[in-house]
Amino acid sequence: MMRTRLAVLGRVGMALLPALIVLGTTFLADLRAPAPVTVHDVTVRLVAGLPPERPDADYDFARHYAWLASERAAQAFTSVVGGSVFAEAVAARARAVDATLTRQAVAGALRADAPDSFKLTLHVTAPSAAQAELIARSALSELTQNGKNYFSVLADAGTPPLSVLEQGSAQPRLVAAPRASASLPLRLGLAALAGLALFGALAWLEGRRVRATDPAAVGLPILARIPAAPSGR
C-alpha cells in the first residue's frame, strides 16, 4: 500500500513539474527584463500640393488632376522618408547642431504613417526632447526645401511639393519591455496539459509493470519465480 501511495505521489510530482518550470522561467525572465526608459516623440503633419500642368479649364475640371497628383505625391514621399538616402540627408543637416547623429540613428528615429489622402504624417522618436525636435526640424527642411529633387517629374516645379501643416513639440513616453508574466495564464494552461499527459503516460507505464506481490493480492498462487539475470549479461 505504501509503495502504491509513493508511486501516485511520484506521478503527481512529475505532473506538476512543467508548471513549476514555467513559473521559474517566467520569474527569471521578469527579473532580468531591462528597466523602462523614457523616449520623446514629435509628430509632424505635412500636406502635398502640386499645381496643374496647364491652366486650361477643360484640362483640369474641378482641379481633379491636381488633387490626384497631390495624393500620389503623398504616397511617394512616404517611401522617401523610409529610405537611406533621405536619412543621410537629414543626418547631414542635423550634424550641424549635433555631430553624434548618424544615418542609422536618423533612420531608426523616423517613421511615416500611410498617407491620408494628400496628407503625410511623420513621427520622430529619440532619447531626448532636443534630439527629437532637431531630427524633426531637419526632416522638415529636407522635405520642404529639397523635396522636389527626389523625383525627376518634380524637378522643374515652381513650388515645393510639400508644406508644413502642423508641427508638434516633443512629448515624453515611457517604453517598457514586454513582461513574460503577461502570458503566464497561457503558459500555465499549456503546462497543465503537458502535466496531465505526463501523469497519464506514467500511470499507463506503471499499470504495465507486474510485481511479484500483484498475483497474491488478488488471491492467485505463485508457482515459480524467474530469477533476475546476473549483471554483465
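**Student:** Can you help me understand the overall build of the chain in this one?
**Tutor:** What the chain contains, in helices and strands, is 7 helices and 5 strands. Of the regular secondary structure in the chain, the N- to C-terminal order runs α-β-α-α-α-β-β-α-β-β-α-α. Across the chain, contacts joining residues at least 24 apart in sequence account for 75% of those joining residues at least 6 apart. When the accessible surface of the chain is split by element, carbon and sulfur atoms take 63% of a total near 15,200 Å².

**Student:** For this particular structure, what's the right way to read the packing of helix α3 (residues 84-94) against helix α5 (residues 129-146)?
**Tutor:** For any two helices packed against each other, one specifies the crossing angle of their axes together with the interaxial distance. Relative to each other, α3 and α5 sit at 115 degrees, their axes nearing to 9 Å. Pair α3 / α5 crosses with right-handed handedness. Residues Phe 86, Ala 89, Val 90, Arg 93 and Ala 94 of α3 form the contact with α5, whose participating residues are Leu 134, Ile 135, Ser 138, Ala 139, Ser 141, Glu 142, Leu 143, Gln 145 and Asn 146. A class-by-class count of the residues in the contact of α3 with α5 yields 8 nonpolar, 4 polar and 2 charged.

**Student:** Teacher, can you tell me more about the pairing of strand β1 (residues 37-48) here?
**Tutor:** Each regular strand shows side chains that alternate between the opposite faces of the sheet. As paired strands, β1 and strand β5 (residues 171-175) are joined by 5 bridges and run antiparallel to one another. Bridge pairing links Asp 41 to Gln 171 in β5. When β1 meets strand β3 (residues 119-126), the two strands line up antiparallel, connected through 8 bridges. Bridging across to β3, Arg 45 finds its partner in Thr 121. By the bridge criterion, 5 bridges tie β1 to strand β4 (residues 162-167) in an arrangement that is antiparallel. Bridge pairing in β4 links Leu 46 to Val 164.

**Student:** How should a nonpolar patch on the surface be read in this particular structure?
**Tutor:** A surface patch of nonpolar side chains, amounting to about 350 Å² of accessible area, comprises Val 12, Leu 16, Leu 20 and Leu 23. Locating Leu 20 in the fold gives a position in helix α1 (residues 2-31). The class of Leu 20 is exposed, set by a relative accessible area of 55%.

**Student:** Explain the side chain of His 123 here, please?
**Tutor:** Residue placement: His 123 occurs in strand β3. Of the residues examined, His 123 reaches a relative accessible area of 17% and is grouped as buried. Within polar-contact distance, the side chain of His 123 engages the side chain of Thr 43 at 3.4 Å. In contact with His 123, not counting residues within four places along its chain, are Val 42, Thr 43, Ala 109, Leu 110, Arg 111 and Asp 113.

**Student:** Would you take a moment to explain α3 for this structure?
**Tutor:** Among the residues making up α3, those that are buried are Phe 86, Ala 87, Val 90, Ala 91 and Ala 94. Axial view of α3: buried residues confined to an arc of 135 degrees, hence all on one face.

**Student:** Any chance you could explain the packing of aromatic side chains here in plain terms?
**Tutor:** For any pair of aromatic rings, the description consists of the separation of the ring centres together with the inter-plane angle of the planes. Taken as a whole and assessed by the stated rule, the structure comprises 2 aromatic pairs. Plain terms: the ring middles of Phe 77 and Phe 151 are 5.3 Å apart, the flat faces sit at 85 degrees to each other, and that makes the pair edge-to-face. One end of the pair, Phe 77, is in helix α2 (residues 64-81); the other, Phe 151, is in the loop between α5 and β4, and 74 residues separate them in sequence. Given a relative accessible area of 0%, Phe 77 falls into the buried group. Judged by relative accessible area, Phe 151 falls into the partly exposed class, the value being 26%.

Parameters at a glance
Residues numbered from 1 in each chain as written. Predicted model: local features only at pLDDT ≥ 70, side-chain atom pairs only at ≥ 80, totals over all residues. Heavy atoms only, no water. Helix = DSSP H or I, 4+ residues; strand = E, 2+ residues; numbered from the N terminus. Contact = heavy atoms within 4.5 Å. Areas by Shrake-Rupley, 256 points an atom, 1.4 Å probe, with all protein chains shown as cover. Axes fitted to C-alpha atoms, helices over the stretch in contact; angles between N-to-C directions. Left-handed = near helix turned anticlockwise from the far one by under 90°. Nonpolar A, V, L, I, M, F, W, Y, C, P; charged D, E, K, R; others polar. Pairing = 2+ DSSP bridges. Patch = residues over 30% accessible without salt bridge, like charges linked within 9 Å, V, L, I, M, F, W, Y side chains within 5 Å. Salt bridge = Lys/Arg side-chain N within 4 Å of Asp/Glu carboxyl O. Buried < 20%, exposed > 50% of the residue type's maximum accessible area, 1.4 Å probe, protein only. Polar contact = N/O pair within 3.5 Å; in protein donor to acceptor, adjacent residues only side chain to side chain. Arc of directions from axis to C-beta. Phe/Tyr/Trp six-rings, centres within 6.5 Å; stacked < 30°, edge-to-face > 60°.

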